[in-house]
Amino acid sequence: QSIVNRGMGGISAGYVDYDKRFDLKSGYPKSQTINFINPASYARLRITSFDLGFEVDNRTLTSPADAKKFTVSSAIISYLQLGIPLNRKKQIGLNFGLRPVTRINYKIRKDQHISYTDYPADSLQSLFEGSGGSYEVFAGLAKGFKNFSIGVNAGYFFGTKDYSTRNIFFIDTVLYYKGNYENKTSFGGFMINAGVQYAANLGKDTKLVLGAYGNLRQTFNGHQDIIRETYNYDATGGTIRIDSVDIAKGIAGKIEYPSNIGVGFTVEKQDKWMFGADFSSTSWTAYSFFGTKDLVRNSWMVRLGGQFTPDVYDLKSYWSHVTYRAGLNFGPDYIKADGNDLKQFGISVGGGF
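The notes below deal with the structure included here. Please read these numbers as outputs of a predicted model, since none were measured by experiment.

Details of a nonpolar patch on the surface
Part 1 of the reasoning: On the surface, F50, L52, F54, V56, I77, L82 and F96 cluster together to form a nonpolar patch covering roughly 720 Å² of accessible area.
Part 2 of the reasoning: At the level of elements, β1 (49–63) and β2 (68–87) are the ones that each hand at least two residues to the nonpolar patch.
Part 3 of the reasoning: Of all the elements, β1 adds the most residues to the nonpolar patch, at 4 residues.
Part 4 of the reasoning: Among the structural elements, F54 can be located in strand β1.

A few points about the side chain of Q125
Part 1 of the reasoning: Here Q125 lies in strand β4 (residues 119–145).
Part 2 of the reasoning: Since its relative accessible area comes to 19%, Q125 is described here as buried.
Part 3 of the reasoning: Here the side chain of Q125 touches D111 through a polar contact of 3.3 Å, side chain to side chain.
Part 4 of the reasoning: In contact with Q125, not counting residues within four places along its chain, are R109, K110, D111, R166, N167, I168 and F170.

Some words on the pairing of strand β6 (residues 178–201)
Part 1 of the reasoning: Pairing of strand β5 (residues 148–170) with β6 involves 20 bridges; the strand directions are antiparallel. In the strand pairing of β6, F148 is matched with Y198.
Part 2 of the reasoning: Between β6 and strand β7 (residues 206–215), which pair antiparallel and follow one another directly, the connecting turn spans 4 residues.

Quick notes on unusual backbone geometry
Residues apart from glycine generally show negative phi values, whereas peptide bonds are mostly found in trans.
Part 1 of the reasoning: In this model, Q91 sits at a positive phi of 60°, which is unusual for a non-glycine residue.
Part 2 of the reasoning: As for its placement among the helices and strands, Q91 is situated in the loop between β2 and β3 (92–116).
Part 3 of the reasoning: Although it is not a glycine, D271 adopts a positive phi angle of roughly 65°.
Part 4 of the reasoning: With relative accessibility at 23%, the residue D271 sits in the partly exposed group.

What about the pattern of salt bridges?
Part 1 of the reasoning: What the rule picks out here adds up to 17 salt bridges.
Part 2 of the reasoning: Linking E256 and R217 is a salt bridge whose minimum nitrogen-to-oxygen distance equals 3.4 Å. Here E256, found in strand β9 (residues 239–257), pairs with R217, found in the loop between β7 and β8 (218–233); they are 39 residues apart in sequence, far enough to count as distant.
Part 3 of the reasoning: We classify E256 as buried; its relative accessible area is 16%.

Conventions adopted
Residues numbered from 1 in each chain as written. Predicted model: local features only at pLDDT ≥ 70, side-chain atom pairs only at ≥ 80, totals over all residues. Heavy atoms only, no water. Patch = residues over 30% accessible without salt bridge, like charges linked within 9 Å, V, L, I, M, F, W, Y side chains within 5 Å. Areas by Shrake-Rupley, 256 points an atom, 1.4 Å probe, with all protein chains shown as cover. Salt bridge = Lys/Arg side-chain N within 4 Å of Asp/Glu carboxyl O. Helix = DSSP H or I, 4+ residues; strand = E, 2+ residues; numbered from the N terminus. Buried < 20%, exposed > 50% of the residue type's maximum accessible area, 1.4 Å probe, protein only. Polar contact = N/O pair within 3.5 Å; in protein donor to acceptor, adjacent residues only side chain to side chain. Contact = heavy atoms within 4.5 Å. Pairing = 2+ DSSP bridges.

Here you go:
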């Protein structure tokens, strides 16, 4: 989501950055945030807007067994968006976008002892690695009809997944080669999602915006390489293949991507405050990867949030012009771990300077 929406807990269905006071005037006095989650908002674009999201992500994993902590940080671009008002009078807006959807990035080492009857325990070291992710490049178009607008995003969804397990035996009596068990997959296909919004005046300077967005179940094509090999390390720490035990390349398959729907609203008082709520649901039980189901479940999420600007007409205090944002979200995660449902809860704060 855009940085502005994240600051308000992720509300997106009914969010649109638009001030009707400057509807058809030659000059629009402020920038416009592009809400690419609901493409219906493009119809209210009044200036060409380049929107770039950048983030530093810091994650900490804790191990309950031995109280260890593992921390990793990464800097990534969240999205690139270019919104263009094709016709302000006819309420036609266009947007070009690129954004990452998922990321895979981990390396876990496991050391264990293996015991045999009448034999001493041996040591096994396993290294689990994963890399890749998925992306969307798309164009969106929206049309407004007085208080109603409809929009659609269409483009290409693509990505890679590379999972490997490397096993190393430490045994004094028998020589075992190091083994690598790896699956490499690339995939891609046409994607489409749509949205609608309806705005109603609740007073002279207060408005309500209702919104909905979603996509149907989609199928993407993929190709997979399955590698089973023995290897060794060279002087620089790289790997050298000893023998390709079993390799199958270019195996064709399909990825079934689940349907998703979101509904919500925002209420905004001009130049002062906004609050809203969203509810979204994703049918993850329909997901499959090369014909294989995964340990996932249908998920939903509730998002609540808002923003407040103290006084945009105060000429003495800069901080009166800052827009302060806060929000929260909660719901079950789509992953089932060891047969257990995982819960999600998040809070956010933000500011527009």
